[in-house]
Amino acid sequence: MPAQLSCIDAACGASFPIDDVLYACPRCGALLAVEYPGLRVDPAALKRTWRERRMSNAPLDQSGVWRYRELIPFLDFDRHAVATLREGNTPLLAAPRAAQYAGLDSLVFKHQGFNPTGSFKDNGMTCGASQALRLGLRRVACVSTGNTSASMAAYAAVAGLTAVIFLPHGNISFGKLAQALEYGALTLQVEANFDQILALVRGLAEKTGIYLLNSMNPFRLEGQKTIMVEMLDQRDWRVPDWVVVPGGNLGNVSAFGKGLRELLALGFIDRLPKLAVIQAAGSAPLYDYFHAAAKGEFRAVQNPETLATAIRIGDPVSWPKAMHEITISGGTVERVTEQEIADAKAVIGRCGIGCEPASAATVAGLRKLVAAGTVQPGADVVAVLTGNVLKDPDYIYRYHTGQLQTPSGVTIEPRFGNAPRVVPNDPDRIAAVLAETSAPGA
Ligand code: F0G
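Just so it is clear, the structure is predicted and the values come from calculations on it, not from any experiment.

Core analysis: the biggest nonpolar cluster contains 59 residues, and Phe-74, Val-140, Met-152, Ile-165 and Tyr-211 have the highest contact counts within it. If you tally residues by element for this core, the top one is helix α5 (residues 147-159), at six residues. Not counting residues up to four positions away in its chain, the partners in contact with Tyr-211 are Val-21, Tyr-23, Gly-128, Gln-131, Ala-132, Leu-135, Leu-137, Arg-139, Val-140, Ala-141, Asn-217 and Phe-219. In this structure, Ala-98, Ala-280, Ala-344 and Ile-348 belong to the second largest nonpolar core, which totals 43 residues.

Relative to the elements of secondary structure, Arg-69 occurs in the loop between α2 (59-62) and β4 (92-94). Within polar-contact distance, the side chain of Arg-69 engages the backbone oxygen of Trp-66 at 3.0 Å. Contacts of Arg-69, omitting those with residues within four sequence positions, involve Arg-53, Leu-60, Asp-61 and Phe-77.

Attention shifts here to the packing of aromatic side chains. Centre-to-centre distance and the angle between the planes together describe a pair of aromatic rings. For the structure shown, the criterion picks out twelve aromatic pairs. Ring centres 5.7 Å apart and planes at 75 degrees place the aromatic pair Trp-66 and Phe-77 in the edge-to-face group. One end of the pair, Trp-66, is in the loop between α2 and β4; the other, Phe-77, is in the loop between α2 and β4, and eleven residues separate them in sequence. Linked through ring pairs, Trp-50, Tyr-68, Trp-237 and Phe-268 together constitute an aromatic cluster. Of note, Lys-295 hangs over the ring of Tyr-289, and the distance from its end group to the ring centre comes to 5.7 Å.

Residues Lys-176, Leu-177, Gln-179 and Ala-180 constitute the buried set of helix α6 (residues 174-182). Taken end-on, α6 shows its buried residues confined to a sector of 155 degrees, consistent with a single buried face. Those residues of α6 that are exposed and aimed more than 90 degrees away from the buried face are Phe-174, Leu-181 and Glu-182. Here the buried face of α6 lies against α5, β7 (162-168) and β8 (186-190). At the exit of α6 stands Gly-184, carrying a positive phi of roughly 90 degrees.

Bringing the sheet that holds strand β11 (residues 274-280) into the picture now. Strand order in the open sheet made by the six strands is β4-β5-β13-β10-β11-β12, with mixed pairing throughout. The strands lining the two open edges of the sheet, one partner per strand, are β4 and β12 (332-336). The mean inter-strand angle of the sheet, taken between neighbouring strand axes irrespective of direction, is 25 degrees. As paired strands, β4 and strand β5 (residues 108-111) are joined by three bridges and run antiparallel to one another. Bridged to Ala-94 within β5 is Val-108. Packing against the sheet, helix α9 (residues 251-266) makes contact with β10 (242-246), β11 and β13 (381-385), and its axis sits at approximately 175 degrees to β11. Most of the contacts of helix α12 (residues 338-350) go to β12, to which it runs at about 95 degrees, and overall it touches β5, β11, β12 and β13.

Relative to the helices and strands, Ile-396 resides in helix α14 (residues 393-400). Relative accessible area serves as the criterion here: at 23%, Ile-396 is assigned to the partly exposed category. Once you skip the residues sitting within four places of it in the chain, Ile-396 turns out to touch Lys-345 and Val-389.

The rules behind the values
- Residues numbered from 1 in each chain as written.
- Predicted model: local features only at pLDDT ≥ 70, side-chain atom pairs only at ≥ 80, totals over all residues.
- Heavy atoms only, no water.
- Core = buried A, V, L, I, M, F, W, Y, C linked by side-chain atoms within 4.5 Å.
- Buried < 20%, exposed > 50% of the residue type's maximum accessible area, 1.4 Å probe, protein only.
- Helix = DSSP H or I, 4+ residues; strand = E, 2+ residues; numbered from the N terminus.
- Contact = heavy atoms within 4.5 Å.
- Polar contact = N/O pair within 3.5 Å; in protein donor to acceptor, adjacent residues only side chain to side chain.
- Phe/Tyr/Trp six-rings, centres within 6.5 Å; stacked < 30°, edge-to-face > 60°.
- Lys NZ or Arg CZ within 6 Å of the ring centre and 35° of its normal.
- Arc of directions from axis to C-beta.
- Pairing = 2+ DSSP bridges.
- Axes fitted to C-alpha atoms, helices over the stretch in contact; angles between N-to-C directions.

See the structure below:
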């Protein structure tokens, strides 16, 4: 079997069999990665094969993750079952209005909200759930700000596994909570924040033998790296200058960086795009660390706050991987305020695209990076929208009606607000309202 689990700490260098149940290196405690030593492929031939698979009706070919299975060969596809909902297959969407807002000539979104459960987590979860099946573990668990739990609940149901979900009570959007309930997961709302619950559940997993599917599970990241493979396939392998992504627990940017490095090493591309991670200002430990003059210890944010609850994380598990990938790519980290996220989100909505609050941090961050001269206006930029617009409708309604408040109680100005109007059941008065309103696009 060519696949193995490797410690990411080069000084340790330990490796373990692919079917060991491990979330961290038992020797030194560092994170693990799935590696394929000696993997050799023919890039030109595979690029053709992957295109041909788009016309196939076979489940593995229809999945936008497993279509690229030569790059994630940790399963034996003749023997092992795969839990798939035909994840991935998410579009690249041009968004001129958002580009203009950010100060760019053009901007393309890779919209992961088009996934089966509405977020990029599905790309990873198909791999995590399939690895659970391979290991013969019947129960899976995660701590989540909402999307991981929605995704895990769905994939556990598909795979016939029992899902146990731990959520920070009162701090996840209703859409995500509703998904977990609908997909049948045992849902525990803990009176603590994400970081505190993750520490709790890591201990519980070890004691109870429940398989943990948070993003420190390296198989999840194998699936998420295919987001970059699919993006490049859709661009006929033209490498963008920048890939911009919101950062929470920092698994996604770590997966992107790993995938891109592997594509470079295997000869699919000839350079790396720069990775830019955008954090919410109230939950921005990576921003602080990345820009600190002296890199001492990584300092967690004790009480992370943001209305973009998906990224309300103060002690991100994957920060060492993220730092590595961002640095190698020549990228950067930016942070954005609640008002900036809210406005960027409304602008993305006006493009007819829409996304959840955390995803909008990308456009808010780009606007700052362009203004600062870090990203050139003519740069070729792909921003990854991580979640669907319907994940958090409460936020949207509050913004457009002027009722959205930051965690510290400051009202967010609806600069792009579009409040509904109540009208009487009277054609003349409705006609009068229509006459006052300018035509769309005017
Ligand atoms: N965007 C959305 C919509 C998310 O749900 C998350 C993470 C992120 C961005 C950040 O990604 O953690 O890989 O840096 N949500 C996790 C969850 C933490 O539990 O659903 P990251």
